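Here's the letter readout for the chains.
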Amino acid sequence: MDLKNYVDGQKDNMLKTLSEVVSINSVRGEEKADAPFGEGPKKCLNFVLEKAKELGFKTKNMDNYMGWAELGEGSEMIAVMGHLDVVPEGSGWDKDPFSGQVENGNIYGRGTMDDKGPTVACLYALKAIKESGLPLKRRIRILFGTNEETGSDDMKYYRENGGEIPFCGFTPDGEYPVINGEKGIINATFKKDLDQKSDLILKKISGGTAFNVVPAHAKAEFACQESLKKEILADKKFSEKIKIEETKDGFIVEAKGLEAHASTPEKGNNAIGNLLIAIKDFPMDKELKKAVVFLAEKIGLETFGQSLGIDIYDDNSGKLSLNMGVIEGDENFLEVKLNYRYPVTRSYDECAPILDKQFDQVGFKKIFEKHKNSLFVDENTEFIKILLDVYKEHTNFKPHTKSIGGGTYAKALPNIVAFGPIFPGDEIREHLPNEYWEVEKIFLNMEIYADAMYRLANM
């Protein structure tokens, strides 16, 4: 029996439903008693669950945190993890970001590629399996998340409230062929209290916007007497990234950099690092100077943690990456936010305690930390080999596994990897203005996902 014929029969309905789903603004909103992530995600979830029920699937809504649709019987379950929430639309759109408009072979709107398009494609791929009547050894469950973009608390709720752990499965929220490794990710904030007693006072320092973005701008404002200002700035050679502006009470040092994602910080140039290197020799208060010199010399413009002694490596995913994403401070405190990502087969204990100890030695206290474990599934695992075979049979691309520095929904549940929907060489459009997806590529994903779900359920 040819499953592709049944997939073809679902394509028009899939596209219509996707247009309707995209038209629902599911950006996270104000938390309410019956809408943990706001009314938009709740509305989108309930719409999709009602559609799944109409298609003949068993459904469950878990208190509007998330829900699922399921086909088949059996003690084991194959899971597909998609999400219906989206990032804010932002500016720069030429079309209505919530139109779901189909035009010139494309469908437009926020979420078409990330992740409403792939999720709805999986729902109708499951409908094709249902219509085919092909036997299934395991149940197939599509999980509809509503909080992937802002923390994955939806899947935490699923696990903590009796949600079944899958035998195996995939999330259609990454790249092809198969992402079998994701680095561990640590966000940490360190703070040092100050009581400046010197002729040069740091009035304010700022830079960066987020843990996971290499900062493009940073600045520090100092106050001092005119004579000291002239002494500090006389014959001082700064890099081309540094600009000095004299003020009535002192001077401002500004630094430029190049923005990049923290998963690949080496592609950017850290403005905070440039700033700290420029000011580290200033005659500051002893405790402030100790902190600034530490940050400048132990991190500065480094992106692999070598001076901190945490430059660990593996063959699967390469080097640990390190980004000093945000700095804030005034006369009374100095605070930095770090994002670092360790290789997929290494561990938190091989880097975090080493880093923490060095910050502690110069008077910083760790006031926040969030850790997501690394993910790694051996490429010879049976379900990985099946996904690679499916990919090979439906495309002209070479099947292989890959590890990434970013993170996907796969980390939210055991036995899950990212599988599509983005093909090698595709333009990355998620989170950008004018997000769209080619209809033909959505259809190809439907075919791949139907085949993958069926084979996993019967392996």
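Calculation notes
Residues numbered from 1 in each chain as written. Predicted model: local features only at pLDDT ≥ 70, side-chain atom pairs only at ≥ 80, totals over all residues. Heavy atoms only, no water. Phe/Tyr/Trp six-rings, centres within 6.5 Å; stacked < 30°, edge-to-face > 60°. Helix = DSSP H or I, 4+ residues; strand = E, 2+ residues; numbered from the N terminus. Buried < 20%, exposed > 50% of the residue type's maximum accessible area, 1.4 Å probe, protein only. Lys NZ or Arg CZ within 6 Å of the ring centre and 35° of its normal. Contact = heavy atoms within 4.5 Å. Polar contact = N/O pair within 3.5 Å; in protein donor to acceptor, adjacent residues only side chain to side chain. Axes fitted to C-alpha atoms, helices over the stretch in contact; angles between N-to-C directions. Left-handed = near helix turned anticlockwise from the far one by under 90°. Domains from an automatic or database assignment. Buried area = accessible area lost by both parts, 1.4 Å probe. Nonpolar A, V, L, I, M, F, W, Y, C, P; charged D, E, K, R; others polar. Pairing = 2+ DSSP bridges. Salt bridge = Lys/Arg side-chain N within 4 Å of Asp/Glu carboxyl O.

**A word on the packing of aromatic side chains**
Working step 1: Counted according to the given criterion, the structure contains 19 aromatic pairs.
Working step 2: On the basis of an interplanar angle of 90 degrees and a centroid distance of 5.5 Å, the ring pair of Phe37 and Tyr65 is categorised as edge-to-face. Here Phe37, found in the loop between α2 (11–22) and α3 (39–54), pairs with Tyr65, found in the loop between β1 (58–62) and β2 (66–71); they are 28 residues apart in sequence, far enough to count as distant.
Working step 3: Residue classification places Phe37 among the buried residues on the basis of a relative accessible area of 3%.
Working step 4: The exposure class assigned to Tyr65 is partly exposed, which follows from its relative accessible area of 23%.
Working step 5: Measuring from centroid to centroid gives 6.3 Å for Tyr391 and Phe397, while their planes differ by 15 degrees, and the two rings are stacked.
Working step 6: Accessibility expressed as a relative area gives 0% for Tyr391, which makes it buried.
Working step 7: Among the residues examined, Phe397 registers a relative accessible area of 35% and is labelled partly exposed.
Working step 8: Ring-pair connections join several aromatic residues into one group, and the members of that group are Phe170, Tyr176, Tyr391, Phe397, Phe419, Phe423 and Tyr449.
Working step 9: Over the ring of Phe167 we find Arg138, and its NZ or CZ is 4.1 Å from the ring centre.
Working step 10: Stacked on the ring of Phe333, the Lys or Arg Lys191 has its end atom at 5.1 Å from the ring centre.

**Considerations on helix α7 (residues 271–279)**
Quick reminder: α-helices carry 3.6 residues per turn. Residues three or four places apart thus point the same way.
Working step 1: Counting buried positions over the nine residues of α7 gives eight, a clear majority of the element.
Working step 2: Buried residues in α7 make contact with β11 (201–207), β13 (217–223), β14 (242–246), β15 (250–256), α8 (286–298) and β19 (321–330).
Working step 3: Of the residues that open α7, the one with a side-chain oxygen 2.9 Å from the backbone nitrogen of Ile272 is Asn270.

**Regarding the packing of α2 against helix α11 (residues 439–458)**
Working step 1: Two elements in contact, α2 and α11, have axes whose closest approach is 11 Å; the angle formed by their N-to-C orientations is 115 degrees. At the point where α2 passes α11, the crossing takes the right-handed sense. For the pair formed by α2 and α11, the contact residues are Lys11, Met14, Leu15 and Leu18 on the first element and Val439, Ile442, Phe443, Met446 and Glu447 on the second.

**What about the domain arrangement of the chain?**
Working step 1: Assigned domains of the chain: these are domain 1 (3–181 + 375–457) and domain 2 (185–372).
Working step 2: One C-alpha centre belongs to domain 1, the other to domain 2, and the line joining them spans 39 Å.
Working step 3: Counting residues at the interface gives nine residues for domain 1, matched by nine residues for domain 2.
Working step 4: For the pair domain 1 and domain 2, the summed buried surface comes to about 640 Å²; carbon and sulfur atoms form 59% of the total.
Working step 5: Counting the contacts that link domain 1 with domain 2 gives two residue pairs in polar contact (both at pLDDT 80 or more).
Working step 6: Grouping the constituent residues of the side of domain 1 that touches domain 2 by class yields two nonpolar, six polar and one charged.

**Overview of the sheet that holds β19**
Working step 1: Strand order across the open sheet formed by eight strands is β14-β15-β13-β11-β19-β20-β10-β21, with antiparallel pairing between neighbours. With partners counted over all chains shown, the strands left at the sheet margins are β14 and β21 (365–372), one partner each. The average angle at which neighbouring strand axes cross in this sheet is 15 degrees, direction not considered.
Working step 2: As defined by bridge partners, β11 adjoins β19 across four bridges and the pair is classed as antiparallel.

**Section: the pattern of salt bridges**
Working step 1: A complete count under the given rule lists 37 salt bridges for this structure.
Working step 2: Measuring nitrogen to oxygen at the nearest pair gives 2.7 Å for the salt bridge that ties Glu435 to Arg110. Of this pair, Glu435 sits in the loop between β25 (421–422) and β26 (436–438) while Arg110 sits in the loop between β5 (106–108) and α4 (116–132), placing them 325 residues apart in sequence.
Working step 3: For Arg429, the salt bridge goes to Glu427, with nearest N and O atoms at 3.4 Å.
Working step 4: We classify Arg429 as buried; its relative accessible area is 7%.
Working step 5: Among the residues examined, Glu427 registers a relative accessible area of 48% and is labelled partly exposed.
Working step 6: Ionic contacts of the salt-bridge type, sharing partners, join the residues Lys58, Glu70, Glu73, Arg139, Arg141 and Glu164 into one network.

**What about the pairing of β19?**
Both faces of the sheet carry side chains from a regular strand, because those side chains alternate between them.
Working step 1: Most of β19 is tucked away, with eight of its ten residues classed as buried.
Working step 2: The turn joining β19 and strand β20 (residues 333–342), which pair antiparallel and follow one another in sequence, is formed by two residues.

**Re the sheet that holds β5**
Working step 1: Pairing is antiparallel in the open sheet, where three strands are placed in the order β4-β5-β26. Sheet topology places β4 (102–103) and β26 at the edges, where each strand pairs with a single neighbour.
Working step 2: Note: β5 against β26, three bridges, orientation antiparallel. Across the sheet, residue Tyr108 finds its bridge partner in β26, namely Tyr436.
Working step 3: Helix-sheet contacts for α11 involve β4, β5 and β26, and the interaxial angle to β26 is about 70 degrees.

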